[in-house]
Structure formats: structure tokens, C-alpha cells
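Descriptive structure summary
Spelled out from the first residue to the last, the chains are:
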Amino acid sequence: MRMDLTLNGRPAQWEAAPGATLLAVLRDEGLVAAKRGCETGDCGACTVLLDGQPVNSCVVAAARAHGHRVTTLEGLADDPLMRRLQDALVEHAGVQCGYCSPGMLVSLYHLLRACRAEGTRPGDHAIREALSGNLCRCTGYVKPVAAAAAVAAALAGIPATGTEAR
Amino acid sequence: MWDLKEYRIAGSPGEAVAMMRRGPGKGVYIAGGTDLFLFPPQCDYAVDINHAGLGAIARTPDGDVFVGAAATLHHIATNPFVTGYAGGLLAQAAAHCGNRPVRSTATLGGNLCNALPSADLAPALLALDAVCYIVDEDSQESLPLEDFFEGPRRTVLGDRLLAGIALPAAGAGWRAAARRLTRSAEDIALVQVAVALSVADGRLGAVRIALGSVAPVPMRAMLAEAQLEGEAVADLSPDRLADAGLIAASECDPIDDHRASAAYRRQMVGVLTRRLLAGLLAEQPRNDDQGSAA
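Okay, the interface of chain A and chain B next. Frequently, the measure chosen for interface size is the accessible area that the parts lose on association. Taken together, the contact pairs 23 residues of chain A with 22 residues of chain B. Those elements that place two or more of their residues in the side of chain A that touches chain B are β4 (53-56) and α4 (124-130) of chain A. For the side of chain A that touches chain B, the leading source of residues is β4 of chain A, giving four residues.

Here the focus is the packing of helix α9 (residues 238-251) of chain B against helix α10 (residues 262-282) of chain B. Packed helices, taken two at a time, are described by the angle between their axes plus the distance between the axes. Residue and element names in this part refer to chain B. Running from N to C, α9 and α10 point in directions that differ by 140 degrees, and their axes come no closer than 7 Å. When the interaxial angle is binned, α9 and α10 end up oblique. Every pair of crossing elements has a handedness; the one defined by α9 and α10 is right-handed. Where α9 approaches α10, its residues P238, L241, A242, A244, G245, L246, A248 and A249 are matched on the opposing element by R266, Q267, V269, G270, V271, T273, R274, L277 and A278. A class-by-class count of the residues in the contact of α9 with α10 yields eleven nonpolar, four polar and two charged.

The next subject is the nonpolar core. Of all hydrophobic cores here, the largest spans 151 residues; its most connected members are A62 of chain A together with I49, L89, L90, L128 and V195 of chain B. The dominant element in this core, judged by the number of residues it contributes, is strand β12 (residues 191-200) of chain B, at seven residues.

All names here are of chain A. Split into domains, chain A comes out as domain 1 (2-74) and domain 2 (78-158). For domain 1 and domain 2, the distance between their C-alpha centroids amounts to 21 Å. Contact with domain 1, which involves 14 residues of that partner, is made by eleven residues of domain 2. At the level of elements, β3 (47-50) and β4 are the ones that each hand at least two residues to the side of domain 1 that touches domain 2. Looking at which element gives the most residues to the side of domain 1 that touches domain 2, the answer is β3, with three residues. In terms of residue class, the side of domain 1 that touches domain 2 is built from nine nonpolar, three polar and two charged.

Residue and element names in this part refer to chain A. Relative orientation of the contacting elements helix α2 (residues 80-91) and helix α3 (residues 101-118) amounts to 130 degrees, with a least axis distance of 10 Å. What the angle tells us is that α2 and α3 run oblique. Judged by the twist between their axes, the crossing of α2 over α3 is right-handed. Between α2, through L81, M82, L85, Q86 and L89, and α3, the contact on the second element is made entirely by S101, L105, L108, Y109, L112 and R113.

Definitions and limits used
- Residues numbered from 1 in each chain as written.
- Chains lettered and ligands numbered in written order.
- Predicted model: local features only at pLDDT ≥ 70, side-chain atom pairs only at ≥ 80, totals over all residues.
- Contact = placed C-beta atoms within 7 Å.
- Helix = DSSP H or I, 4+ residues; strand = E, 2+ residues; numbered from the N terminus.
- Axes fitted to C-alpha atoms, helices over the stretch in contact; angles between N-to-C directions.
- Parallel < 35°, antiparallel > 145°, perpendicular 65-115°, else oblique.
- Left-handed = near helix turned anticlockwise from the far one by under 90°.
- Nonpolar A, V, L, I, M, F, W, Y, C, P; charged D, E, K, R; others polar.
- Core = buried A, V, L, I, M, F, W, Y, C linked by C-beta atoms within 7 Å.
- Buried ≥ 20, exposed ≤ 12 C-beta atoms within 10 Å, placed from the backbone.
- Domains from an automatic or database assignment.

Listed below in C-alpha cells is the structure:
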């Protein structure tokens, strides 16, 4: 079936099988930041934004994207907030094997973008809640949470530009 | 890979039912899809209800809170009408389902129409006297949620569509609380108990005790409720509340499985019911207690 959507801020057309998942189509399109992990909606390695909300793209129909906005990590590569998160994850040694990192980054980006818009600063509980859908078997979560807290502390100074800000 | 031949997107509830009946072959309604993609059913087409106008949560002029079948769990968990209704019982149930990305897409309709004995929203909804709205191509029917479930993975729907549920205005000020026991926070519940009640002039008005994961369908413990309705709060000793818990435990019909034994589940129904009742009765009277019993 044919789908018209906004992919990473630009109009896109997809031709996909009616039963395809969003993850399958994204990866066929060469957008491979979202990973195939559990494929049961548990691990969050495939997290992307659908209309600005974090979703497990492995359990969402590709057809859901028709008429909607899909944003993947690739689409946020130039976003100042995402760059800060990526840098912080590296600085705090919150990356080990790296398989979960794209999903974690999208989840944290969603949280911090909302907090910046509201003018609030998330505590550790809110950060952990935002990461509740991202399984990581390497880091034990402490370092990714510390990385996010460091970015949260400087949130007001990070400019709101990039794909999702539009 | 889900071997669907066609994905149909309905623009209204009536159109969804018509698309379901059009054939050829077998169809399934889809909203969030978070359960369907785990175990894709053998069928020829899916009917998407996300564009059918069923995603809203609203308060009606009568004061009922209506939650559309395609409302997401995140929407339910954060909507002010739901968080402000009966202590936010339903919002809390939604907030405990799955994880944040699952709640972005999983819906009320999916949770109920899957009709698992452990449906996360069912005990809260049963305790709040939720009414289901079911649509046909050009008609609509409403029935109490108790009558919606027929067995594990079976409902009264047939090829009709659940449009949503309504929480009656009368329960908006009820005191309510719930507990669920799980092996891990995200896992399917072993035992769920939700209790809602109203207090006026020192007496219990309505009492609702709803149970999940302990019978073929989510259920109410009506014998236990009847033991308490109309009783003076001052007369409800810890022993009386423990008795009510034991009655509730006798009403359920749990099974042994790899998560827990039937005996454990039954015992926990008694314990949780007693604790929830005691907690709610110990709450300080609220301004709206009086009004809600009227």
C-alpha cells in the first residue's frame, strides 16, 4: 500500500506491505538507527517519534504513518538538544555496546524537549520513567541517567531548532 | 511479518464496521497494534480505527467522562478529566501499563477487546461502573462492562466495534484505590484488585470490589460488596474488613500457571481487598463525598 507521510521533516512516499511494521519499512529505507531488538515492544531499541510521541516502531503498523510525522534519530542529527545528549552520553560513559543508545537518545530527547517547552527540569525519577521502555544490558542505567541529568541542568541554554522544533 | 492482504483506514465508527463486514475473508480491528504485532492473528485485512473519531476523552454535559476506544494509555494517564475522577483510579491503571513508548500507541479499546483476564484497565473500570458503547453500522448499544467479557479473549462484540466507555457522573467523587501484584513492573499482573466506594453520613453507599487475573474474565466480587453496602463506617472493624476480603477470595476462580499458584492468587485477593478497604475508610472525608452519594 502507498503511504504519504512527513519523514524527518520532509514529505515522503512509501510503498509497503499492508502488514509491515514501521521498523521494517524504516530499515528498508536505509534509516537504520532504530534497531531490531526484541520485536515485541519490550526493549525500546527501535524507539522513534510518531507525531512527536515515542513509540516502539517494531509493534506499530507502517500504515499508521500515513498522514503523520515520523522522526528518527537520523532526523535529529543536527538538533542542538540531540547533539548535547549524544555528547553527554559519551562523556558520562553511558554507551558500551551501543545497541540501545539510539532508542535511549530518542526517549531522552522526547523528555527533555517537553521539559524545555514547559520550563521544567526533570529529576532522576522523570528521567528513569522516560527510559522505562529502553532496556540496556551493559550500563546499568546509572551513567545514562547521569548524562541526561547533566543535559537537563543546562536545558534552558540549548536552542530549540531542528526537525522536531518545526 | 504479518501476512495481511489489505490495511483499511476507517473514517468513522460506522464505516469501520462496514469495512469489517465487506470481506473477503477474515478481518481484525486495529488501533495501537502493540498486542496484534506480538501474535499476529490469521486474517486477510485489518481495519484501522485511529482516524474514526474515537481518540477523544471528554466530559459530557451530564458530567460523565467518556473515553474513546482509540484513546491512548498515555492520554488516559494524563487527561485531567480522568486524573480528576474518583481519585484518578483509571489514570493510575493506565500509567502502570507497559512502558512509556507502549503507552503512546496502546489504547483503551485494545486493552478491553483483547479480553485477557489480566487486562490492566479492566478492574479499575469495573470498580467505577464503566459503561461500554458498542457501534454497529447505523446503530449504537450500551451495556455495563461486566457484561462485555464472555471468556478469555472473548467479548460480546462479534464484528461490531467498541466505541468507548463512559464513567458515570455519580462516581466522580468516589474514593478509590487499586493494587496489582506482578513479578516485574512490566509483567502481566498475577492479581489485581480495585476498590471504589462512597461514604455519606458515616455510612458506606456504593461499594465496588473488582478483581483481575483471578478468573476467566475480569470480575466483581458482588457478595463481598453486599456485605459492606449501607454499613456504618464505625461498625467496620478490622475483622469485618478481613471477612469481606475472604468473601471476595471465595468468589474468584484463579488458575495455577507459571507465574503463580491459584492458592497464592486467592489468598492475595483477600489480603489486598482488606488493605484497600482499610486504606479508603481511613481517608479523611472529602467535600465531594457527600455529593457523590446523592
